[in-house]
Amino acid sequence: PGAVKVNVDPKRLRLADGVYVVVARFTPDDGSGETEQRRRMIFDRTLSSLTARSSTTGAGKRARGRLAVGFRLLRPAHVTVKVLSTSGSTIATLASNRRLPQGKRTIGWNRRRGKALVSGTVNVTVSAHTRFGTTGLQRSVTMKAPKRRP
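Please read all numbers here as calculations on a predicted model, not as lab measurements.

1. Overview of the pairing of strand S11 (residues 133–143)
Here is step 1 of the chain: One ladder, built from 11 bridges, connects strand S10 (residues 120–130) with S11; its direction is antiparallel. Looking at the pairing, serine 127 lines up with glycine 136 of S11.
Here is step 2 of the chain: Between S10 and S11, which pair antiparallel one after the other, the connecting turn spans 2 residues.

Here is the structure:
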């Protein structure tokens, strides 16, 4: 009685990226009829890593900030990169459905929202859309406020 959790490790099973159908059959001990469930699973390792590094230089009105978002694509994809507040609202969209080739990619942002330099904790999200669907990664990063001028 109850549910059974099954973990599928595509790397251990040596499965290529793609769409699979997993079939689970249950035959009860009491002799009643067999039941079957089918679930579609997508394995997509297009987006394989995500880094987000923040820096600040200068002080006061001359302060400059930078956020470097790095990721690796194992195949070409349409990529969207966003900076979100901890409540989930969009602070900045750095790329929107941009077609990028495979390889290591870095997208930079000057950390400005209007004239203000953004500081505090934010979430950086990268999503990659391919023929398999959309896959994504998220990383939290704290951006330090600039130093005040003496």
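2. Here's the deal with the pattern of salt bridges
Here is step 1 of the chain: All chains considered together, the criterion is met by 5 salt bridges.
Here is step 2 of the chain: With its nearest N and O atoms 3.0 Å apart, the salt bridge here joins aspartate 17 to arginine 45. Placement of aspartate 17 in the segment before strand S1 (18–26) and of arginine 45 in the loop between strand S2 (35–43) and strand S3 (47–57) is noted, with a sequence separation of 28 residues between them.
Here is step 3 of the chain: When its relative accessible area of 17% is taken as the criterion, aspartate 17 is described as buried.
Here is step 4 of the chain: Linked through salt bridges whose partners overlap, the residues forming this network are Asp17, Asp44, Arg45 and Arg75.

3. Examining the sheet that holds strand S5 (residues 77–84)
Here is step 1 of the chain: Pairing in this open sheet of 4 strands is antiparallel, and the strands run S6-S5-S10-S11 from one edge to the other. The open sheet has two free edges, formed respectively by strand S6 (90–100) and S11, since each of these has just one partner strand. The average angle at which neighbouring strand axes cross in this sheet is 15 degrees, direction not considered.
Here is step 2 of the chain: Note that S5 and S10 share 7 bridges and pair antiparallel. Bridging from a neighbouring strand, valine 81 pairs with valine 126 of S10.

4. Some remarks on the side chain of aspartate 17
Here is step 1 of the chain: From its side chain, aspartate 17 meets the backbone nitrogen of arginine 45 in a polar contact 2.9 Å long.
Here is step 2 of the chain: Separated by 3.0 Å, the side chains of aspartate 17 and arginine 75 make a polar contact.
Here is step 3 of the chain: Discounting chain neighbours no more than four positions away, the residues touching aspartate 17 are Phe43, Asp44, Arg45, Thr46, Arg75 and Phe132.

5. A look at the environment of proline 101
Here is step 1 of the chain: Counting through the fold element by element, proline 101 comes out in the loop between S6 and strand S7 (103–109).
Here is step 2 of the chain: Once residues lying within four places of it in the same chain are set aside, the contact partners of proline 101 are Leu73 and Pro76.

6. Re the sheet that holds S3
Strand pairing in a sheet relies on backbone hydrogen bonds. The paired strands run either parallel or antiparallel.
Here is step 1 of the chain: What the 3 strands build is an open sheet, ordered S3-S4-S7; its pairing is antiparallel. The sheet is open, and its two edges are formed by S3 and S7, each paired on a single side. Strand after strand, the sheet turns through a mean of 15 degrees between neighbouring axes, direction not considered.
Here is step 2 of the chain: Two strands pair when backbone bridges link them, and strand S4 (residues 64–73) and S7 are joined in this way by 7 bridges, in the antiparallel orientation. Each residue of the ladder has a partner; that of arginine 72, found in S7, is lysine 104.

Quick notes on the rules
- Residues numbered from 1 in each chain as written.
- Predicted model: local features only at pLDDT ≥ 70, side-chain atom pairs only at ≥ 80, totals over all residues.
- Heavy atoms only, no water.
- Pairing = 2+ DSSP bridges.
- Helix = DSSP H or I, 4+ residues; strand = E, 2+ residues; numbered from the N terminus.
- Salt bridge = Lys/Arg side-chain N within 4 Å of Asp/Glu carboxyl O.
- Buried < 20%, exposed > 50% of the residue type's maximum accessible area, 1.4 Å probe, protein only.
- Axes fitted to C-alpha atoms, helices over the stretch in contact; angles between N-to-C directions.
- Polar contact = N/O pair within 3.5 Å; in protein donor to acceptor, adjacent residues only side chain to side chain.
- Contact = heavy atoms within 4.5 Å.

Taken by themselves, the reported measurements are silent on function.
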